[in-house]
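Notes for the structure review
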Amino acid sequence: MNLSVTEAAPLAAESVVRRPSLVGRTRAGLDAALAEIGVPEKERRMRVGQLWNWIYHYGVRDFQEMTTIGKGLRAQLAERFSLDLPEVTAEQVSSDGTRKWLLRMAPTGPRDRGAEIECVYIPEVDRGTLCVSSQVGCTLTCTFCHTGTQRLVRNLTTEEIVAQLMVARDRLGDFPNRSAPDGAFVPNDGGRFVSNIVFMGMGEPLYNFDGVRDAIAVISDDQGLSLGRRRITVSTSGVVPQIEALGAEMGTMLAISLHAVRDDLRNELVPLNKKYPIKDLLDACRNYPGLSNAKRITFEYVMLKGVNDSDAEARELVRLLKGIPAKINLIPFNPWPGTRYECSDWERIERFSEIVFKAGYASPVRTPRGRDILAACGQLKSETEKLSARARLMLEQGEADAAATAH
Ligand code: SAH
Ligand code: SF4
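Reading the values: rules and limits
- Residues numbered from 1 in each chain as written.
- Chains lettered and ligands numbered in written order.
- Predicted model: local features only at pLDDT ≥ 70, side-chain atom pairs only at ≥ 80, totals over all residues.
- Heavy atoms only, no water.
- Helix = DSSP H or I, 4+ residues; strand = E, 2+ residues; numbered from the N terminus.
- Buried < 20%, exposed > 50% of the residue type's maximum accessible area, 1.4 Å probe, protein only.
- Contact = heavy atoms within 4.5 Å.
- Areas by Shrake-Rupley, 256 points an atom, 1.4 Å probe, with all protein chains shown as cover.
- Pairing = 2+ DSSP bridges.
- Axes fitted to C-alpha atoms, helices over the stretch in contact; angles between N-to-C directions.
- Right-handed = clockwise from strand over helix to strand, strands pointing away.
- Near = heavy atom within 4 Å.
- Nonpolar A, V, L, I, M, F, W, Y, C, P; charged D, E, K, R; others polar.
- Phe/Tyr/Trp six-rings, centres within 6.5 Å; stacked < 30°, edge-to-face > 60°.
- Polar contact = N/O pair within 3.5 Å; in protein donor to acceptor, adjacent residues only side chain to side chain.
- pLDDT = per-residue confidence, 0-100.

1. Description of the overall build of the chain
Scanning the chain for helices and strands turns up twelve helices and eleven strands. Burial analysis of the chain (407 residues in total) assigns 54% to the buried set. Sequence-distant contacts, at least 24 apart, represent 66% of the contacts inside the chain between residues at least 6 apart. Put simply, the chain shows about 18000 Å² of open surface, and 51% of that area lies on carbon and sulfur atoms.

Structure follows, in structure tokens:
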């Protein structure tokens, strides 16, 4: 089996000898790094705190800037480690302000050219949401999702998940003492440029439980990146046995990709349903730790023309969710080349949404964002997957076009 997702540029010599980066590491990971270079145990806790502050609070990219750490130790750290972020191989800015970064991960071995993933930033009036990936590809095969047609390469590591937020903050000038680039979204509440994170990029986060859990611990740590767990949403296609642990160990908001109200149809759209049918999934939701009206579950429902979008299905949806503090998110289907589905007509989506709304649910229809740069749900990676090097050129061209049309 060929495991490479994209064709990458020839291996650069330095990629083989690259020093491991400390960016994205947990406290335990930083402690291990210090142990590796011989820092005595009694000193390490304090040093971990210093590194943590420089890396996550200030976002420094050079050990020399860590002025609270003595020169000798800085030099030792620099000799053995780096503060590298994944390489941004393309950055695109959509006409609606959405930004998409194509990131190349550090190679994991001599034969690895570095997996590529995408990460999307969506500015809105009251928030800035970063959509992150948890895996390269996905093992699941939801029929309406383009990621589902791609071959899984691997889970992302904790560091690689955290690094997506680090890249976003870096590119948005969102660290203290760094200025924002022109045209960046400026929050009006004094908050961060990235105020929310959704695990709605590539991959099934609950199949990478430990990696995601540890990344969330780093991201939500109030000494560093400080993104509260209520501002982090993990979206799952319904890995029932892990849902309780998600609530207990990660304490984040939960989103469920429901998409159908009958098992026969959901078996087709989300084949994982054959293993964990709707009833079991909703039972797990009812038992989600911390569930309350202030901490509702989001149910995602992709609008597929003539497939799942009838009035009867809207009413059934409302009936099914009875008793669960819920929000319903209707997602217009984003088509991709070769798909058998179409997006429901706008009037149909409105009618569906009205039924749900009348039953007492806020049912925002998720406005497709970044369509011009293929950054919408289920489109991640599709362009680069197919076209590899040529796509990158086009992405760069797209960036130039977007910059030219930006206000
Ligand atoms: N694997 C997880 C998270 C990533 S998918 C999950 O399935 O929940 C994030 C969301 O995008 C899911 O709700 C998914 O169903 C939706 N999605 C996937 N492909 C889509 C498409 N082509 N159009 C609209 N939404 C899509
Ligand atoms: Fe994987 Fe989610 Fe796409 Fe299904 S919808 S194939 S679980 S990424």
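2. A word on the sheet that holds strand β3 (residues 116–123)
Taken in spatial order, the nine strands line up as β1-β2-β3-β4-β7-β8-β9-β10-β11 in an open sheet, and their pairing is mixed. The two strands at the open ends of the sheet, each matched to only one other strand, are β1 (87–93) and β11 (326–332). Neighbour to neighbour, the strand axes of the sheet diverge by 20 degrees on average, direction disregarded. Here six bridges tie strand β2 (residues 99–104) to β3, and the two strands are oriented antiparallel to one another. The residue of β3 that forms the bridge with L102 is E118. Across the sheet, helix α5 (residues 158–171) touches β1, β2, β3, β4 (128–131) and β7 (196–199), and the angle it forms with β2 is around 130 degrees.

3. Digging into the pairing of β7
Covered by surrounding structure in β7 are N196 and V198 together with I197 and F199, the residues of both alternating faces. Relative to strand β8 (residues 232–236), β7 is paired through three bridges, and the arrangement is parallel. The partner of F199 across the bridge, within β8, is V234. Regarding topology, helix α6 (residues 209–220) serves as the crossover connection from β7 to the parallel β8, and that connection is right-handed.

4. Here's the deal with the site of ligand 2
Near ligand 2, the surroundings consist of C138, L140, C142, C145, G148, G203 and S237. Across the shell around ligand 2, the residue classes break down as four nonpolar, three polar and no charged.

5. Quick word on the packing of aromatic side chains
Scanning the entire structure with this criterion turns up four aromatic pairs. Ring geometry for F333 against Y341: centres 6.2 Å apart, planes inclined by 80 degrees, an arrangement best described as edge-to-face. The same class applies to F333 and to Y341, which are both buried.

6. Observations concerning the site of ligand 1
Neighbouring ligand 1 are 22 residues, the closest being G203, S235, S257, H259 and N334. In the environment of ligand 1, a nitrogen atom lies 3.1 Å from a nitrogen or oxygen atom belonging to the backbone of F144. About the coverage of ligand 1: the protein hides 95% of its 530 Å² of free accessible area. Listing elements by their share of the shell around ligand 1, those giving two or more residues are β8, β10 (297–303) and β11. Partitioned by chemical class, the residues of the shell around ligand 1 number eleven nonpolar, nine polar and two charged.

7. Re the confidence of the model for the chain
Taken over all residues, the pLDDT of the chain has a mean of 85, while the share at 70 or more is 81%. In this model residues 1–15 is a low-confidence stretch, pLDDT under 50, and it forms 26 contacts with partners more than four residues away in sequence or in other chains. With pLDDT under 50 throughout, residues 382–407 is counted as low confidence; its partners more than four residues away or in other chains account for 35 contacts.

8. Considerations on the pairing of β8
Here β8 lies mainly inside the structure; five of its five residues are buried. A two-sided burial pattern is seen for β8, the buried positions comprising I232, V234 and T236 on one face and T233 and S235 on the other. Relative to strand β9 (residues 253–257), β8 runs parallel, the two being bridged by four bridges. Note on β9: the bridge partner recorded for S235 is A255. The parallel pair β8 and β9, bridged by helix α7 (residues 240–250), forms a crossover whose chirality is right-handed.

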